[in-house]
Amino acid sequence: MLSLWLSVLAASALAAPSRRAGGPSRLEAPNVVLVVSDSFDGRLTFHPGSQVVKLPFINNMKVNGTTFLNAYTNSPVCCPSRAAMWSGLFVHLTESWNNFKGLEPNYTTWMDVMEKHGYRTQKFGKLDYTSGHHSISNRVEAWTRDVAFLLRQEGRPMVNLIPSQTKVRVMEKDWINTDKAVNWLRKEAVNDTQPFVLYLGLNLPHPYPSPSSGENYGSSTFHTSLYWLEKVSHNAIKIPKWLPLSEMHPIDYYSSYTKNCTGKFTKKEIKNIRAFYYAMCAETDAMLGEIILALQHLDLLHKTIVVFTSDHGELAMEHRQFYKMSMYEASAHIPLLMMGPGIEANLQVSNVVSLVDIYPTMLDIAGISVPQNLSGYSLLPLTSKTFKNEHRFKHLRPPWILSEFHGCNVNASTYMLRTDRWKYIAYSDGVSVLPQLFDLSLDPDELTNIATKFPEVTYSLDQKLRSIINYPDVSASVHQYNKEQFLTWKQSLGQNYSHIIANLRWHQDWLREPKKYKHAINQWLKHEH
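Since we're looking at a predicted model, the values are computed, not measured.

**Q** Explain the pattern of salt bridges to me, please; I cannot follow it from the model alone.
**A** Between side chains of opposite charge, a pair can form when the charged atoms approach closely. Tallying each qualifying case throughout the model produces 22 salt bridges. Where Arg43 meets Asp41, a salt bridge forms, and the shortest distance between an N and an O atom there is 2.8 Å. The pair formed by Arg43 and Asp41 is uniform in burial state, with each residue classed as buried. Across the pair Arg421 and Asp439 runs a salt bridge, and its minimum N-O distance is 2.8 Å. Of this pair, Arg421 sits in the loop between β12 (414–418) and β13 (422–427) while Asp439 sits in strand β14 (residues 436–439), and the two are 18 residues apart along the sequence. What makes Asp439 buried here is its relative accessible area of 4%. Via salt bridges that share partners, Asp38, Arg82, Lys126 and Asp311 belong to a single interconnected network.

**Q** Help me understand the packing of aromatic side chains in this model?
**A** Working definition: an aromatic ring pair is given by the centre-to-centre distance plus the angle between the planes. Summed over the entire model, instances satisfying the criterion amount to 26 aromatic pairs. On the basis of an interplanar angle of 85° and a centroid distance of 5.6 Å, the ring pair of Phe40 and Phe308 is categorised as edge-to-face. Taken together, the positions of Phe40 in the loop between β1 (31–37) and α2 (56–64) and Phe308 in strand β7 (residues 304–310) put the pair 268 residues apart, joining distant regions of the chain. For Phe40, a relative accessible area of 0% translates into the label buried. Through a chain of ring-to-ring contacts, the aromatic side chains of Phe222, Tyr277, Tyr278, Phe322 and Tyr323 assemble into a single cluster. When the ring centre of Tyr227 is taken as origin, the NZ or CZ atom of Lys231, which lies over that ring, is 4.6 Å away.

**Q** Sorry, what's going on with the packing of helix α16 (residues 471–493) against helix α19 (residues 514–526) here?
**A** The geometry of a pair of packed helices is captured by two quantities: the angle between their axes and the separation between those axes. Running from N to C, α16 and α19 cross one another at 125°; their axes reach a closest spacing of 11 Å. Put simply, α16 runs oblique to α19. Crossing of α16 against α19: the hand is left-handed. Here His479, Asn482, Lys483, Phe486, Leu487 and Lys490 of α16 lie close against α19, whose contacting residues are Ile521, Trp524 and Leu525. Residue classes in the contact of α16 with α19 are distributed as five nonpolar, two polar and two charged.

**Q** Looking at this model, I keep getting lost on unusual backbone geometry. Mind explaining?
**A** Of all residues except glycine, most have a negative phi; of all peptide bonds, most are trans. Following His47, the chain continues into Pro48 via a peptide bond in cis, with omega recorded as 5°. With respect to the element layout, Pro48 can be found in the loop between β1 and α2. Here Leu204 and Pro205 are connected by a cis peptide whose omega angle stands at -5°. Assignment of secondary structure puts Pro205 in the loop between β5 (196–201) and β6 (221–225). One non-glycine residue with positive phi stands out, namely Ser39, at about 60°. Within the secondary structure, Ser39 sits in the loop between β1 and α2. The exposure class of Ser39 is buried, given its relative accessible area of 0%. Not every positive phi belongs to a glycine, and Met325 is a case in point at roughly 60°.

Calculation notes
- Here, residues in each chain are numbered from 1, in the same order as that chain's written sequence.
- The predicted origin of the model limits local features to residues at a pLDDT of at least 70 and limits the giving and counting of side-chain atom pairs to 80 or more, whereas totals for whole chains, interfaces and linings rest on all residues.
- Neither water nor hydrogens contribute to the side-chain values; these are computed over all heavy atoms in the structure.
- Think of a salt bridge as a Lys or Arg side-chain nitrogen and an Asp or Glu carboxyl oxygen that are within 4 Å of each other.
- For each residue, the accessible area found with a 1.4 Å probe, counting protein chains only, is set against the maximum for its type, and the residue is called buried under 20%, exposed over 50%, and partly exposed in between.
- A run of H or I in DSSP becomes a helix once it reaches four residues, and a run of E becomes a strand once it reaches two; helices and strands are each numbered from the N terminus.
- Under the pairing criterion, centres of Phe, Tyr and Trp rings, with the six-membered ring standing for Trp, must be within 6.5 Å; the plane angle then separates stacked pairs below 30 degrees from edge-to-face pairs above 60, leaving the rest tilted.
- Only lysine NZ and arginine CZ atoms are considered, and such an atom sits over a ring when it is within 6 Å of the ring centre and within 35 degrees of the ring normal.
- Helix axes are fitted only over the stretch in contact, all axes being lines through C-alpha atoms; the angle between N-to-C directions runs from 0 to 180 degrees.
- Throughout this description, any angle smaller than 35 degrees is read as roughly parallel, any larger than 145 degrees as roughly antiparallel, any in the 65 to 115 degree range as roughly perpendicular, and the remainder as oblique.
- Handedness of a crossing follows from how the near helix is turned relative to the far one, being left-handed for an anticlockwise turn of less than a right angle and right-handed for a clockwise one.
- In what follows, residue pairs with any heavy atoms lying within 4.5 Å of each other are defined as contacts.
- Three categories are distinguished: nonpolar for Ala, Val, Leu, Ile, Met, Phe, Trp, Tyr, Cys and Pro, charged for Asp, Glu, Lys and Arg, and polar for the others, with Gly belonging to the last.

So, to be careful, I would describe these as geometric facts and stop short of saying anything about function.
Pasting the structure below:
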C-alpha cells in the first residue's frame with residue numbers, strides 16, 4: 001500500500017498536459033474519473049470531522065491532491081442537486097424544483113460535450129438528475145408542503161446491524177456498480193486511444209428503506225456491519241446540541257416533525273445513528289478506493305484526474321433531524337477532492353465552491369471552451385499555480401455560493417447565501433418567515449440565529465441574495481407549480497383519489513383524521529396566492 005501511494009505522489013507531481021482547442025488526444029488531455037456518492041457530510045474530509053472515522057482513500061486523495069474545505073450543494077436533495085451538477089446551472093434556472101422535477105432526458109450535459117470533443121464516456125450507478133423519478137409520496141409531499149397540516153412522512157430513524165466482522169459488501173448494488181466500473185477500466189479504457197471520462201454514482205451513505213414504516217415507506221434505517229462499525233472512533237462521536245422544540249425556527253420544527261424526529265431520543269440512540277452513518281461513509285470510501293487501485297494497477301493513475309464529491313450531506317440527528325433538505329452544515333456541506341496531473345498535492349482550498357462548478361471544471365480539464373452562461377466556475381485555477389496563471393485574465397470567481405430548496409419536508413422555499421464568514425438563509429417571500437443568519441467562524445454548530453442582532457449584515461446579505469436571484473418571484477412560481485401539479489395528479493386519479501392520498505407515507509397520521517386533512521387540502525386549492 002505504501003508503494004502504491006508513493007507512486008500516486010509521483011503522479012500528482014507531473015506537469016499539466018498541454019490543452020489545445022481541438023479534439024483531445026491521449027497525449028493532450030487527461031482522463032477523468034468522477035465518483036459521486038449520496039448523502040456524504042463534507043466535514044468528514046478534514047479536521048476535526050476526519051477524526052471520527054477511518055477513510056483511507058479520501059485521506060490519500062487529500063495528501064496527493066486538493067481538498068475543498070467549503071464545498072456546498074446547490075440544493076440539499078438528490079435530483080435538484082444532481083441537475084445542478086450535470087447542467088452547471090442553479091436550480092431556479094433549470095426549474096429543478098424537487099425529486100420529481102429535474103432536467104429533461106435529452107438535456108446536454110458536460111459529459112455530452114466532452115464526448116462531442118473526442119472523449120470516450122461511460123456512466124455507472126446512480127444518476128438521478130432527470131424528471132419523472134422517485135415515489136408518488138415524495139412528489140405529493142413536495143406539492144402539498146404549503147397545506148396547513150403537519151403529518152409525519154418518514155419512519156423514525158433507526159439502526160440495523162449485520163453482526164459480522166467479515167461482511168464487507170453491505171450495499172450490494174453499489175458494489176456491483178463499482179465492479180462494473182473497474183471492469184470497464186480493465187477491459188475498455190486501458191486499450192483505448194481516446195481519453196476517457198468515467199462516472200460512478202453511489203447510493204451510500206444514504207439511509208436504507210424502512211419497510212416497517214408501512215406500505216409507502218421512506219428510508220430511515222442506518223444499516224451496516226461490524227466490519228465497518230469498527231472503522232468508527234466511538235469516543236470521537238459528538239452528540240449534537242438541540243434547541244428546545246419551542247425555540248426551534250418554525251421551518252426547522254416542520255422539518256423535524258415531518259421527519260418523525262420530535263419524539264424522545266436517548267443519547268445512546270443518537271450516538272448509534274451517527275456511528276452507523278459514519279460506518280456507511282467508511283464503506284463508501286472503500287468503493288472509491290477500488291477505482292483508485294484499479295487506475296494504479298492499470299498504469300492510468302498518472303494521467304487521470306480523479307474527483308470525489310456528493311450530491312448533499314446527512315444531518316444524522318443534528319438539529320433534531322436526519323436526512324437532508326436543510327441548509328445546516330451537515331446537510332449542505334459536501335466533500336470535494338481532486339487529484340491527478342497538474343493538481344497540487346496536499347493543498348487545502350478555503351474558497352466557497354459548489355456543484356455547479358463541476359460542469360466548467362470538466363470542460364476546462366478537456367481544454368474545451370467554457371460557455372459564459374453557466375452558474376459555476378472552473379475549479380482548476382484553485383488547484384495549482386499553473387492553472388491559475390492560465391486563467392488570470394478570465395472572470396474572477398465570486399466570494400459566495402447559492403443553494404436553494406423547494407421540495408418536501410420543508411414548508412417554504414429556502415435560499416442560502418454562503419460567504420467566507422456568514423451563512424444567510426431566507427425563506428419564501430422574505431417577509432412571511434423570519435430569516436436566519438449564522439456566523440460560522442464563531443458558531444460552527446449553527447445554534448444561534450443572529451439575524452435580528454446584526455440587522456445591517458442581514459440587510460446587506462439579503463440585498464446580495466436578491467441581486468443573484470429574485471427569490472420572492474421564484475417562491476411564487478414554485479407555489480403555483482405545486483398547485484398545478486397536485487391538481488393534475490388529483491384529477492388523474494378520479495374516484496381513487498381519497499384512497500391513494502390516505503395511503504402515502506403519511507398514512508399513519510392521515511388515517512386518524514382523514515376528513516380534516518382532505519379539508520385542509522381543499523382550502524389550500526381554493527386560496528389564491
